Amino acid sequence: ATDSAHYMHPFTDHKGLAGKGARIITKADGIHIWDSENKKIFDAMSGLWCVNVGYGRQELVDAATKQMQELPYYNSFFQTTNVPAVKLAERIVGLAGDNFSHVFFSSSGSESNDTNIRMVRHYWATLGQPERKVIISRNNAYHGSTMAGASLGGMSGMHAQGGLPIPDIVHIEQPYHYGLAPTKDKDAFGLEAAGWLEAKILEIGADKVAAFIGEPVQGAGGVIIPPKTYWPEIQRICDKYGILLICDEVICGFGRLGKWFGSELLGAKPDLMTFAKGVTSGYLPLGGVVIGKRVADVLINQGGEFNHGYTYSGHPVACAVALANIDIIESEGLVDKVLKETGPYLAERYAELANHPLVGGAETCGLVAGFALMKDKVNHIPFDESLEVGMICRNHSFANGLIMRAVGDRMIIAPPLCITKAQIDEMMVLITETLDATLADVTKNGWMHDDAPKVAYS
Ligand code: PMP
């Protein structure tokens, strides 16, 4: 098949796609994918899809095959479960640390965040405070595509379709230093941004607020890396008002930031953590919620039956693959490698990239990185949104054999955890070529500001 005309693509403008079809990916190995025309492409985004250990890992194929043969499926309802699910829950709780005691499994991040909403509201109802229902999230956040997931998310384009958000979900501004207050002291901005949570709590009334949810580093929202003061202050505010903290670790979890969970690196102590694709490196659908002792004690000891579960909760094949995936991450020391070797090297290379005339606010955290394409970075002037410079850049990147994502005019990457320094160099060449091609376009179109630096990086 080379034509996807009958396929309903997620997040795609179908009019734009009509007649063109989409690129069909046929195979993958390591950090590369190939399309149906046999073009080899460097997948700098495989990590945002969370193929953390890279493509083509025979260990994961073997784990799936063995489990398929032994027990392909059994449900987790009615007090039954299976060996891989039990082992995986134990393993994840071990990785998450002392604060956590249980895991609830689902098949995706969206389902897991739905679960979170039900859990935190059930928690407060069990404690006799059913009016504590409001969940505070952030603008431009991505927490999934179901009605609840997209409501927790803060994407206006998603809210506009389907009558979202559902009731009792509200949003505050994201801690985007470069976009909102680039000339302000970063740490002071971090405290100010966390203060928006306190202001919202006071506006609503703390006795109505159930939880705050946030990704340690916002991924699909544009790789927004908060100042280091942000999460400790968020934690302090949640503690002050007794509000539950949910960290959505779908992208940051399982090593991306150089710790098993991103919250650990950034100084938050969540009550609940959402995880998904990274747990199996995306080889099979699996997700869930790691439940802190505070919540588990109430739900399990006082809450009675929790009427919630999915047919694929604790799917044995997915759980077996997850265990093999964690084995690989551990045996190859990938989490530490991100912290001490590949993460710092990517940061170094992004510091150089910051010299490019188009690049503003280049930042990395572990193996996620982003920058904004700027009309005049010296004076912090972005391009007019309607010019869609991010899309132009993304199209150049595709043409250049590189998968890099555009979120508005922010260009983001998240390579797999197994990336080598040599592959980071290879990726930086592709990114620089892509930026030079974009610069040539916007210069030709007369879109750069007169004061903007004119000399290309390479
Ligand atoms: N939360 C975050 C932070 C995500 O990045 C995603 C997916 N990219 C989700 C939730 C939703 O996960 P899923 O697509 O598995 O439902």
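Just so it is clear, the model here is predicted, and its values are computed rather than measured.

(A) Quick look at the overall build of the chain. If you tally the helices and strands in the chain, you get 15 helices and 16 strands. Its C-alpha radius of gyration of 22 Å places the chain within 12% of the 23 Å reference for a compact globule of 458 residues. Overall, the chain is about 65 × 55 × 45 Å in size when its C-alpha atoms are taken along their principal axes. Pairs at least 24 apart in sequence give 72% of the contacts found in the chain among residues at least 6 apart.

(B) Focus on the sheet that holds strand S3 (residues 40-43). One open sheet holds the 4 strands; their spatial order is S1-S2-S3-S14, and the pairing between them is mixed. If you trace the sheet from one side to the other, it starts and ends with strand S1 (25-29) and strand S14 (402-403), each paired once. Sheet topology places strand S2 (residues 32-35) next to S3; 3 bridges connect them, and they run antiparallel. Paired with Ile33 across the strands is Ile41, a residue of S3.

(C) Quick peek at the sheet that holds strand S4 (residues 100-106). Strand order in this open sheet of 7 strands is S4-S10-S9-S8-S7-S5-S6, and the pairing throughout is mixed. Where the open sheet ends on each side, the last strands, each with one partner, are S4 and strand S6 (169-172). The average undirected angle you get between the axes of adjacent strands in this sheet is 20°. Relative to strand S8 (residues 244-248), strand S7 (residues 209-214) runs parallel, the two sharing 4 bridges. In the sheet register, Gly214 faces S8, and the bridge partner there is Cys247. Sheet contacts for helix H8 (residues 186-204): strand S5 (134-138), S6 and S7; angle to S6, the most-contacted strand, approximately 145°.

(D) Seen up close, H8. The first and last C-alpha atoms of H8 sit 28 Å apart over 19 residues, in line with the 27 Å expected at 1.5 Å per residue. Turning to H8, its buried residues number three or more, namely Phe189, Gly190, Glu192, Ala193, Ala194, Leu197 and Ile201. Tucked into the core, H8 has its buried residues touching S5, S6, helix H7 (177-180), S7 and helix H9 (230-241). Phi for Gly205, located one or two positions after H8, is positive at around 100°.

(E) Quick peek at helix H15 (residues 421-444). Its 24 residues place the ends of H15 34 Å apart at the C-alpha level, agreeing with the 34 Å of an ideal helix rising 1.5 Å per residue. As for H15, its buried residues are in contact with S3, helix H13 (334-353), strand S11 (359-365), helix H14 (389-399) and S14. Of the residues one or two after H15, Gly446 is the one with positive phi, at around 70°.

(F) View of the domain arrangement of the chain. Here the chain is partitioned into domain 1 (14-53 + 333-444) and domain 2 (59-331). A separation of 26 Å is found between the C-alpha centroids of domain 1 and domain 2. With 29 residues of domain 1 at the contact, the number on the domain 2 side is 25 residues. Going through the elements one at a time, H13, S11, strand S12 (368-376) and strand S16 (410-413) are the ones with two or more residues in the side of domain 1 that touches domain 2. Of the residues forming the side of domain 1 that touches domain 2, the biggest block, 5 residues, is contributed by H13. Residue classes in the side of domain 1 that touches domain 2 are distributed as 18 nonpolar, 9 polar and 2 charged.

Conventions used here
- Residues numbered from 1 in each chain as written.
- Predicted model: local features only at pLDDT ≥ 70, side-chain atom pairs only at ≥ 80, totals over all residues.
- Helix = DSSP H or I, 4+ residues; strand = E, 2+ residues; numbered from the N terminus.
- Rg over C-alpha atoms; globule rule 2.2 N^0.38 Å.
- Contact = placed C-beta atoms within 7 Å.
- Pairing = 2+ DSSP bridges.
- Axes fitted to C-alpha atoms, helices over the stretch in contact; angles between N-to-C directions.
- Expected span 1.5 Å × (residues − 1).
- Buried ≥ 20, exposed ≤ 12 C-beta atoms within 10 Å, placed from the backbone.
- Domains from an automatic or database assignment.
- Nonpolar A, V, L, I, M, F, W, Y, C, P; charged D, E, K, R; others polar.

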